[in-house]
Amino acid sequence: MDTKELIRHQSRSNVEKMRSSHEVLARYNLNCQQYKDLKNNASGNNREHLLMIYTELKLLGWVLGKSEAVIVRDANA
């Protein structure tokens, strides 16, 4: 495989289709539930996992056009 073919293959394989707003909203709701469950689970050190979920939650909320206050309310309600 020469360089041009390799670049063309990489360009095609790394392209992902955009998620629909329904998929983003479903993932947002799933992350809200996971965050609540993990936060209420007092066993062990979950700080890093909570931070990872919250970061994705904020990103998905931003994509959905939600303010940070709404995201925090959804995550903790």
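This text goes with the structure placed above it.
Residues numbered from 1 in each chain as written. Predicted model: local features only at pLDDT ≥ 70, side-chain atom pairs only at ≥ 80, totals over all residues. Heavy atoms only, no water.

## Some words on the packing of helix α3 (residues 47–64) against helix α4 (residues 68–76)
A packed helix pair is summarised by two numbers, namely the angle formed by the two axes and the spacing between the axes. Where α3 contacts α4, the axes come no closer than 10 Å and their chain directions differ by 130°. Classified by the angle their axes make, α3 and α4 are oblique. As α3 packs across α4, the resulting crossing turns out to be right-handed. Within the contact between the two elements, α3 uses Tyr54, Leu57, Lys58, Gly61 and Trp62 and α4 uses Glu68, Ile71, Val72 and Ala75. Classifying every residue of the contact of α3 with α4 gives 6 nonpolar, 1 polar and 2 charged. (Axes fitted to C-alpha atoms, helices over the stretch in contact; angles between N-to-C directions. Helix = DSSP H or I, 4+ residues; strand = E, 2+ residues; numbered from the N terminus. Parallel < 35°, antiparallel > 145°, perpendicular 65-115°, else oblique. Left-handed = near helix turned anticlockwise from the far one by under 90°. Contact = heavy atoms within 4.5 Å. Nonpolar A, V, L, I, M, F, W, Y, C, P; charged D, E, K, R; others polar.)

## Notes on the pattern of salt bridges
Going through the model one piece at a time under the given rule, you end up with 4 salt bridges. Note that Lys66 and Asp74 form a salt bridge whose closest N and O atoms lie 3.9 Å from each other. In this structure Lys66 comes out as partly exposed when scored by relative accessible area, which is 29%. Across the salt bridge formed by Asp74 and Arg73, the nearest N and O atoms sit 3.9 Å from each other. Residue class for Asp74 comes out buried when judged on its relative accessible area of 19%. Given a relative accessible area of 52%, Arg73 falls into the exposed group. Through salt bridges with shared partners, a single ionic network connects Lys66, Arg73 and Asp74. (Salt bridge = Lys/Arg side-chain N within 4 Å of Asp/Glu carboxyl O. Buried < 20%, exposed > 50% of the residue type's maximum accessible area, 1.4 Å probe, protein only.)

## Section: α4
Among the residues making up α4, those that are buried are Ile71, Asp74 and Ala75. The buried side chains of α4 occupy one side of the element, clustering within an arc of 95° when seen end-on. More than 90 degrees from the buried face of α4, the exposed residues found are Ala69 and Arg73. Looking at the buried residues of α4, the elements they touch are α2 (21–40) and α3. (Arc of directions from axis to C-beta.)

## Side note on the packing of aromatic side chains
Evaluated as defined, the whole model comprises 1 aromatic pair. Ring geometry for Tyr35 and Tyr54: centres 5.7 Å apart, planes at 40°, overall tilted. Of this pair, Tyr35 sits in helix α2 while Tyr54 sits in helix α3, and the two are 19 residues apart along the sequence. Note on Tyr35: relative accessible area 11%, which makes it buried. We classify Tyr54 as buried; its relative accessible area is 18%. (Phe/Tyr/Trp six-rings, centres within 6.5 Å; stacked < 30°, edge-to-face > 60°.)

In short, shape yes, function no, at least from these values alone.
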